[in-house]
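Notes for the structure review
Chain residues, written in single-letter form:
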Amino acid sequence: MESLRGKTAIIGAADSDVGVVPHMSATQLCVDAALKAMDDAGITKDEIDGIVSCDSWAEPFLYHAEAISEYLQIEPKYCISVGTGGGTTFSLLHHAASAIATGICDTVLITMADSLRSGISKEKAMKTQASTGHPQFESPYGPSVPSLYALIARAHMAEFGTTAEQLAAVSVTARKHAHLNPAAQMRELITVEDVVNSRMIADPLHLYDCSLISDGGSAVILTSREKAKNYSKQPVYLLGVGEGHRHEHISQAQSLTTSAAVDSGKRAYEMAGLGPNDIDFAELYDCFTPTVLIELEDLGFCEKGEGGAFVESGAVDLGGLLPINTHGGLLSHCHPGNPGSMFALTEAVVQLRNEAGRRQVNDAEVALVHGQGGIMSSHTTLILGKEV
Amino acid sequence: MEHAGKNFPEPTIETEAYWDGCRNRELLIQQCNQCGKSQFYPRMMCTNCMSRNVHWVKATGKGKVKTYTIIHRAISKAYAKEAPYVVAIIELYEGPSLMSNIVGCHPRDVNVGQEVEVTFQDWSEEITIPMFTPIERD
Ligand SMILES: [Zn+2]
């Protein structure tokens, strides 16, 4: 089978305002990001023949990508919405790259947004929060979303001796990076003590082990390698992509401490012909702090069980061995639900273009970006580079 | 009305035997007649060999805590009066894992690896929920 390696490139990338954005609806945030990404690429709407999105909670449509196409008055050849939680964004990129490589279309606008802070009534938010997990075999026991990740954190602690302070270090690093990012929702520096002394949500996870709830939208434009040369910005090539899906419900997971990131990472590395040592920086899905430790291990950046010590050593800070979540991640930059990891993708593009200002990673040539959806359920890994 | 407002399971054609079992204070899981593997939750085929020849068996109801969390921020008012409450994943002696609450002890006394056994909580005339409690050793 032909590989997607280097077949496509991102030529435009942009975010809307993020955080608390009450003056824009979810659809407007989605369109705002799309318009900014088109400006960034210097592309007209006539050149876009694919639209890919995911639905929003605040302003849902039955056929979301069609609704966005209609709003923009673009009539694409390829139009699809996907919903696999936080894994959605990179699954979508995988779909879009495949569509371009197989000739379904040439240039895809991938845009998504939600308005979880301003666009959802308190009743709706509470109703959503009150019923998570399998309706018959999990939900009756009253699990919250943080508690499902707390189950993973506890398992990691019991198996490997990971500490609350090591989990907290993930959040401290994210905030350090957000402090350097004017666009981030939370920028005030925090300490490990601040995290472990914050309110206990679901033991062992404290409030500051949990990501933000935000408004925001983000978009990228993907085209073929050949066409990418026609646009002004440094193309960012998709060198590798892989997915892994092992379960839906956490009580059905074969392992609580090793995830399908092993599978998605292996597939992406193989396609790119690269390994963990070739990666200059990584943007890892950080809905809760334990997620990051497991991703660091499963993607081969440290040994299984050593994620906590790796983070605590400063290896993942700017200037360290493998800077992660350089924009501040879902923990400190913003987290508007399904679109959350799009901001990791646009950040990777900004870094690879050497446009990240005070938070720029030195000599950034190759990035790994990882998204995860459900409860460590659905994983997609991307490897991006400046050169093919 | 003690449990009003909680997330009551709605048994389906596929799961009603399980919930009937709970009402009779029996924890039922499935076992494959072809390869002998036990499984939970209920399915129309064996996840190991794909045989449709699976049958219900009464589980020992004993197992170990694989992991747990103590929930301080309850998901809704109906659960707030239980907080802090323990949600755990339990591995049954027969092999399959399931989610449940650990009850009958202080949340602080729950541990990974702890041996637990099933106990049943009646939520209504139709619905009885299996929960787990530490096995007393003396
Ligand atoms: Zn079988």
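Here's what I pulled together on the structure shown here. (Residues numbered from 1 in each chain as written. Chains lettered and ligands numbered in written order. Predicted model: local features only at pLDDT ≥ 70, side-chain atom pairs only at ≥ 80, totals over all residues. Heavy atoms only, no water.)

Remark on secondary structure: sheet strands pair via backbone hydrogen bonds, oriented parallel or antiparallel. All names here are of chain A. The strand order across the open sheet built from 9 strands is E3-E2-E4-E7-E1-E8-E11-E10-E9, with neighbouring strands paired in mixed fashion. Across the chains shown, the open sheet's two edge strands, defined by having one partner strand only, are strand E3 (78-81) and strand E9 (281-284). Each strand of the sheet is rotated relative to its neighbour by a mean of 25 degrees, with strand direction disregarded. Relative to strand E10 (residues 366-373), E9 runs parallel, the two being bridged by 4 bridges. Looking at the pairing, glutamate 283 lines up with valine 369 of E10. Along the sheet face, helix H13 (residues 342-352) touches strand E1 (8-15), strand E4 (107-115), strand E7 (215-224), strand E8 (236-245), E9, E10 and strand E11 (378-385) and points at about 55 degrees away from the line of E7. (Pairing = 2+ DSSP bridges. Helix = DSSP H or I, 4+ residues; strand = E, 2+ residues; numbered from the N terminus. Axes fitted to C-alpha atoms, helices over the stretch in contact; angles between N-to-C directions. Contact = heavy atoms within 4.5 Å.)

In total, this model carries 18 salt bridges over all chains according to the counting rule given. Arginine 353 of chain A is the partner of glutamate 355 of chain A in a salt bridge, and the nearest nitrogen-oxygen pair spans 3.7 Å. Judged by relative accessible area, arginine 353 of chain A falls into the buried class, the value being 10%. Between aspartate 122 of chain B and arginine 25 of chain B there is a salt bridge; the shortest N-O distance is 3.1 Å. With a gap of 97 residues between them, aspartate 122 of chain B in strand E7 (residues 115-122) and arginine 25 of chain B in the loop between helix H1 (16-23) and strand E1 (28-32) connect regions that are remote in the sequence. Residue classification places aspartate 122 of chain B among the partly exposed residues on the basis of a relative accessible area of 42%. Connected via shared salt-bridge partners are Asp40, Lys233, Arg353 and Glu355 of chain A. (Salt bridge = Lys/Arg side-chain N within 4 Å of Asp/Glu carboxyl O. Buried < 20%, exposed > 50% of the residue type's maximum accessible area, 1.4 Å probe, protein only.)

With that settled, the discussion passes to the environment of isoleucine 102 of chain B. Residues and elements named next belong to chain B. Its location among the elements puts isoleucine 102 in strand E6 (residues 97-102). For the pair isoleucine 102 and threonine 60, spaced 42 residues apart in the sequence, the C-alpha separation amounts to 17 Å. When residues no more than four places from it in sequence are discounted, the contact partners of isoleucine 102 are Val65, Val86, Ala88, Ile90, Val110, Val116, Phe132 and Pro134.

Per the stated rule, a full pass over the model turns up 9 aromatic pairs over all chains. Note on tyrosine 18 of chain B and tryptophan 19 of chain B: the rings are 4.9 Å apart at their centroids and 80 degrees apart in plane angle, and the pair reads as edge-to-face. Of the two residues, tyrosine 18 of chain B and tryptophan 19 of chain B, neither departs from the other in class, the shared state being buried. Pairwise contacts between aromatic rings join Phe137 of chain A together with Tyr18, Trp19, Phe40 and Tyr41 of chain B into one cluster. (Phe/Tyr/Trp six-rings, centres within 6.5 Å; stacked < 30°, edge-to-face > 60°.)

All names here are of chain A. Applying the stated criterion to the full structure yields 3 cavities of 30 Å³ or more. Reported here for the largest cavity is a volume of approximately 60 Å³. Lining the largest cavity, in full, are Glu283, Leu284, Tyr285, Asp286, Asn325, His327, Gly329, Leu330, Gly340, Ser341, Ala344 and His370. When the residues that make up the lining of the largest cavity are grouped by side-chain class, the tally is 4 nonpolar, 6 polar and 2 charged. (1 Å grid on protein atoms, 1.4 Å probe; cavity = no way out; pocket = protein on both sides within 12 Å on 5 of 7 lines; lining within 4 Å. Points joined across faces, edges and corners; volume = space filled by probe spheres on them. Nonpolar A, V, L, I, M, F, W, Y, C, P; charged D, E, K, R; others polar.)

Just distances and angles here, no functional claims.
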